[in-house]
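Geometric and topological summary
Single-letter residue listing:
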Amino acid sequence: MGIDKHDSVKSLFTAQSAKVNTNRGDAYYEKLYAQCRARLDELKALAPLNNRMDFKESIEEEGLDRRDFMKWASATTAMLMLPASFTPLVAEAAVLMNRVPVIWIELQDCAGNTEALIRSDGPKIDEIILDIISLEFNETLMAAAGHQAEKQLEDAVEHFKGKYLLFVEGSVPMGMDGYYGTIGANGETFIDHLTRLAKDAAAVVAVGSCATFGGIPAAAPNPTDAKGVMDVVKGKPIINIPACPANPSNMVGVILHYVLTGGIPELDSLLRPKFAFGYRIHDNCERRAHFDAGEFVEEWGDEGAKNNFCLYKVGCKGPMTFNNCSIVRYNEGVNWPVGVGRGCIGCSEPDFWDKYAYERPMANANIKAPTGGVEKSVDEFGLGLLTAAGVGIAIHAAASAVAGKKSEEN
Amino acid sequence: MKKEGYKSVKRMTPAMRTIHWVNFFSMIVAIATGLYIGHPYYQSFIADPAVDKYVMAWNRWGHFMVAIIFDVTSIIVAYLYFFSRFEQPWRKVIPTKQNIKEFFEVLLNLLTLNRRKNFDSSHADSFNTVYFTIFHILLAWMLLTGLQLYVHGLASGESSIGAWWPWMLHVATDWTIPVTGGTLMDVRISHHYTMWFIIVWVIFHIYYQVWRTIYWREGDIAIAFGGEKFVKEQKEA
Ligand code: SF4
Ligand code: SF4
């Protein structure tokens, strides 16, 4: 592939701004269009990689017609914040996804992200696409095992040196020299495994909260000293797609963006693509009107719950969580957590298990008080502080009344 | 109604008193609305249609309004702190030998229940000035963490007054995230804790002013209202 990906990847990677810019002007999009066109023509000239399926056939097998596909393409174009004129390019890129090799490894995890992308009621286009991407290696999905699997991995790395996207699922246990997690007959630690495979990757994509920020393995007391990929891999473009599990739409979005432009999407300060993590759950939530009205579910199953009131008082953390669940939802837009009546637990934010995932508002959360150690709610601590001050004042006042000396009058 | 042998000293200018009471009312509103935002403690009636209520939205509106008022008075106070023509508090906070001595003398006065009073109580003393400085640091922290929480709602990078505003808020307050612990939730927790520290500060502040008024017998409580207190004429004066 002739385009110097490393440079375009680097320049995109260093783009810094908190702003989500959805309109960059015609000149920008014309240039980008030409760039994408050239890139797709180049990819088209390449033979598909040794992959299992042909895209058009898969779609027909699932009983979807071209109209469904084009609907998906325009929705995905919008999700990637590109103008509608890019829709045919996105459709083309989807068909060409089997030209980009993907290696998917699992570290300290539950395979929930793999599950998310392969299991859904009726496989729809996102899932089909994830079936046809050239997944060169995925422990959970492939037939090979043991030495055979290792051999396959070595072959893939050798063959696609510098070209493959490395998808990582799961955190990296750093404690005990990394021996909390080893893989293969040689007992290679997860740290070594990851660094070795990252070295030859075009970019590393951390999928799910464990791979991005350590997730649940890193929750207190974090016995294995679990860390996210970005704390271990240095000198490579890293894209974080957090959430528990990461939304398959966002994985497809990142791969598509790479197929389309040869680069990685614009990222926020936590290395999350802005097209997915640029907006707050709370600002696109269908229950927001009830929040503003002060109508809350007070307890599970009450009258408010039946009326779809806001879930803030049963602990929804949508106001502090950046993700696009409330826009794209899960399982091809069927539903999402707040839609089914339970609050957001902030799964796409760092430290979510310790700091977000409780079914109470923050003021009542049992977290470590500044006095250290003791689990207390913020308000309990505050009231304790107030009581202590009150007692101190009362003692001083009583002592003053009994033994205080009023300054002399003239 | 000055007593024989006492003279009055001016302690607070009208501007300072105005700020004092603006802060007083702002704080009451900020705490009442802030507690509601943190954990909605009263319920709106389910029978009312949502459009008529807007309870959380009004609470947030009130909270942001007093926050902006607070921000403005804080800027004025910060200015007066260094450039006031009346009294520049920073001079009482720098740890010179004299200031340190005065600080402990006033503290001892409080602890010995006014049995020892070896300092000039006619002026703002070091102890009180340090105490007020702590208050303004707490307020500045509320301002920074609060604006950080506020800018989360401006994710598009736009606002009704232009893109410069969220941009400026990010530049000015993003550092509070790593400082409080690395997540947006930590900023919230810190904002909430700081409220409790401010409440405790206020309780002691009121107690202390009343206590001084009773035991020093110099009418200290009047400072915040009339701007003056009374001190005994020095014998040699
Ligand atoms: S349910 Fe959660 S995200 Fe939705 S409005 Fe309420 S607090 Fe916000
Ligand atoms: S709604 Fe919140 S907790 Fe649920 S998946 Fe989205 S970010 Fe995660």
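Quick note: structure is the one above.
Here's what I pulled together on the structure shown here.

Rules used in this analysis
Counting starts from 1 at the beginning of each chain's written sequence and moves along it residue by residue. Chains and ligands are labelled sequentially in the order written, the chains with letters from A and the ligands with numbers from 1. It should be noted that, the model being predicted, local features are given only for residues of pLDDT at least 70 and side-chain atom pairs only at 80 or more, the latter also being counted only at that level, while totals for whole chains, interfaces and linings use all residues. Side-chain descriptors were evaluated using all non-hydrogen atoms of the structure, hydrogens and water having been removed beforehand. Helix and strand definitions follow DSSP, with helices as H or I runs of at least four residues and strands as E runs of at least two, each counted in order from the N terminus. Residue exposure (1.4 Å probe, protein chains only): buried if accessible area is under 20% of the type maximum, exposed if over 50%, otherwise partly exposed. For this analysis, residues touch if any pair of their heavy atoms sits within 4.5 Å. In these tables, accessible area is a Shrake-Rupley quantity obtained with a 1.4 Å probe, and a residue counts as shielded only by the protein chains included in the view. Buried area counts how much accessible surface, traced with a 1.4 Å probe, disappears from two parts once they are put together, with both parts' losses summed. Definition used for salt bridges: Asp or Glu carboxyl oxygen within 4 Å of a side-chain nitrogen of Lys or Arg. Only a single heavy atom is needed: when it lies within 4 Å of a molecule or strand, its residue is near that molecule or strand. When residue character is reported, Ala, Val, Leu, Ile, Met, Phe, Trp, Tyr, Cys and Pro are called nonpolar, Asp, Glu, Lys and Arg charged, and the others, Gly included, polar. Here a pair means two rings of Phe, Tyr or Trp (six-membered ring of Trp) with centres within 6.5 Å. Their orientation is stacked below 30 degrees between planes, edge-to-face above 60, and tilted elsewhere. Only when the NZ of Lys or the CZ of Arg is both within 6 Å of the ring centre and within 35 degrees of the ring normal is a charge said to sit over the ring. To define axes, lines are fitted to C-alpha atoms, for helices over the stretch in contact only, and angles between the resulting N-to-C directions are given on a 0 to 180 degree scale. Each angle receives one of four descriptions, namely roughly parallel if under 35 degrees, roughly antiparallel if over 145, roughly perpendicular if within 65 to 115, and oblique otherwise. Exposure above 30% relative accessible area and the lack of any salt bridge qualify a residue for a patch; like charges then connect within 9 Å, and the nonpolar side chains Val, Leu, Ile, Met, Phe, Trp and Tyr within 5 Å. Neither His nor the chain termini are counted; the positive set is Lys and Arg, and the negative set is Asp and Glu. In this description, the location of a charge corresponds to atom NZ of lysine, CZ of arginine, CG of aspartate or CD of glutamate. The pairing criterion for strands is at least two bridges between them, as found by DSSP. Residues grouped as a nonpolar core are buried Ala, Val, Leu, Ile, Met, Phe, Trp, Tyr and Cys residues, joined through side-chain atoms within 4.5 Å.

Let us now look at the overall build of chain A. When helices and strands are counted, chain A shows 17 helices and 11 strands. Here chain A, with 410 residues, has 53% of them falling under the buried criterion. Contacts in chain A between residues at least 24 apart in sequence constitute 74% of all its contacts with a sequence separation of at least 6. Accessible surface for chain A amounts to roughly 17500 Å². Of this, 54% is attributable to carbon and sulfur atoms.

Counting secondary structure elements, chain B contains nine helices and two strands. Shown N-terminal to C-terminal, the secondary structure of chain B runs as helices and strands in the order β-α-α-α-α-α-α-α-α-α-β. Across its three principal axes, chain B shows a C-alpha extent of roughly 70 × 40 × 30 Å. Of the accessible surface of chain B, which amounts to about 12700 Å², a share of 70% is contributed by carbon and sulfur atoms.

Time to look at the interface of chain B and chain A. Contact residues are listed per partner, giving 56 residues for chain B and 59 residues for chain A. Counting the surface lost from both chain B and chain A, the interface buries some 5000 Å², and carbon and sulfur atoms represent 62% of this. On the chain B side of the interface with chain A, the three residues burying the most area are B:Met185, B:Tyr193 and B:Trp196, jointly 13% of the side's total. Applying the counting criterion to the chain B and chain A interface returns one salt bridge. The residue B:Asp186 makes a salt bridge to A:Lys355 at a minimum N-O spacing of 2.9 Å.

Near ligand 1 you find 13 residues, and of these A:His282, A:Cys285, A:Cys310, A:Leu311 and A:Cys316 are the closest. Its residues assigned to classes, the shell around ligand 1 shows nine nonpolar, two polar and two charged.

Before going further, it helps to spend a moment on the packing of aromatic side chains. Residues and elements named next belong to chain B. Within the structure shown, the criterion is met by 37 aromatic pairs over all chains. With 5.3 Å between their ring centres and 40 degrees between their planes, Tyr79 and Phe83 make a pair best called tilted. Residue Tyr79 and its partner Phe83 are both found in helix α2 (residues 55-83); the two are separated by four residues, about one turn of the helix. Note on Phe103 and Phe127: the rings are 5.3 Å apart at their centroids and 50 degrees apart in plane angle, and the pair reads as tilted. Of this pair, Phe103 sits in helix α4 (residues 97-111) while Phe127 sits in helix α5 (residues 126-151), and the two are 24 residues apart along the sequence. Since its relative accessible area comes to 9%, Phe127 is described here as buried. Sitting over the face of the ring of Phe119, Lys117 holds its NZ or CZ atom 5.9 Å from the ring centroid. The cationic tip of Lys117 hangs over the ring face of Trp216; the distance from NZ or CZ to the ring centre is 5.0 Å.

This paragraph deals with unusual backbone geometry. Across the junction of A:Ala220 and A:Pro221, the peptide omega takes the value 0 degrees, indicating a cis bond. Among the secondary structure elements, A:Pro221 is positioned in the loop between α10 (208-213) and β8 (226-227). Residue A:Pro245 is bonded to the preceding A:Cys244 through a cis peptide linkage, with omega at 0 degrees. Mapped onto the fold, A:Pro245 is located in the loop between β9 (238-241) and α11 (248-261). Even without being glycine, A:Asn308 reaches a positive phi, approximately 60 degrees. Inspection of the secondary structure puts A:Asn308 in the loop between α14 (303-306) and α15 (325-328). In this model, B:Leu113 sits at a positive phi of 55 degrees, which is unusual for a non-glycine residue. Note on placement: B:Leu113 falls in the loop between α4 and α5. Residue B:Leu113 is classed as buried on the basis of its relative accessible area, which comes to 12%.

The next point concerns the packing of helix α5 (residues 87-95) of chain A against α11(A). Residues and elements named next belong to chain A. Two elements in contact, α5 and α11, have axes whose closest approach is 9 Å; the angle formed by their N-to-C orientations is 105 degrees. Considering their axes alone, α5 and α11 lie roughly perpendicular with respect to each other. Taking contact as the criterion, the partners of Leu89, Val90, Ala93 and Ala94 in α5 are, on α11, Leu256, Val259 and Leu260. Grouping the amino acids of the contact of α5 with α11 by side-chain chemistry returns seven nonpolar, no polar and no charged.

Residue and element names in this part refer to chain A. On the secondary structure map, Asn323 appears in the loop between α14 and α15. On the basis of relative accessibility, which here comes to 2%, the residue Asn323 falls in the buried class. Note: C-alpha distance between Asn323 and Asn284 (39 residues apart in sequence) is 10.0 Å. If near-sequence neighbours (up to four positions away) are discounted, Asn323 is found in contact with Ala243, Asn250, Ala276, Phe277, Tyr279, Arg280, Ile281 and Ser348.

Another point: a negative patch on the surface. All names here are of chain A. On the surface, Glu57, Glu60, Glu61 and Glu62 cluster together into a negatively charged patch. For Glu61, the location among the structural elements is in helix α3 (residues 55-61). Judged by its relative accessible area of 65%, Glu61 falls in the exposed class.

Around ligand 2, the structure places A:Thr321, A:Asn323, A:Cys325, A:Tyr330, A:Trp336, A:Pro337, A:Cys344, A:Ile345, A:Gly346, A:Cys347 and A:Ser348. Residue composition of the shell around ligand 2, by class: seven nonpolar, four polar and no charged.

Let's shift gears to the pairing of strand β2 (residues 228-232) of chain B. Residue and element names in this part refer to chain B. Residues of β2 alternate between two faces, with Lys229 and Val231 buried on one and Glu228, Phe230 and Lys232 left unburied on the opposite face. Summarising the sheet, strand β1 (residues 6-10) and β2 pair through five bridges and their orientation is antiparallel. The residue bridging Ser8 from the neighbouring strand is Phe230, located in β2.

So, about the environment of A:Ile264. If you trace the backbone, A:Ile264 turns up in the loop between α11 and α12 (274-277). Considering only alpha carbons, one finds A:Ile264 and A:Glu298, 34 residues apart in sequence, at a separation of 43 Å.

Turning to the nonpolar core, a few remarks are in order. All names here are of chain A. Formed by 79 residues in total, the largest nonpolar core has its most connected members in Leu166 and Leu194. Looking at this core, the element that brings in the most residues is α11, giving eight residues. Excluding residues that lie within four positions of it along the chain, Leu166 makes contacts with Ile103, Ile105, Leu194, Leu197, Ala198, Ala201, Ala203, Val204 and Val205. Formed by 32 residues, the second largest nonpolar core is a distinct cluster that contains Val314, Cys316, Cys344 and Met362.

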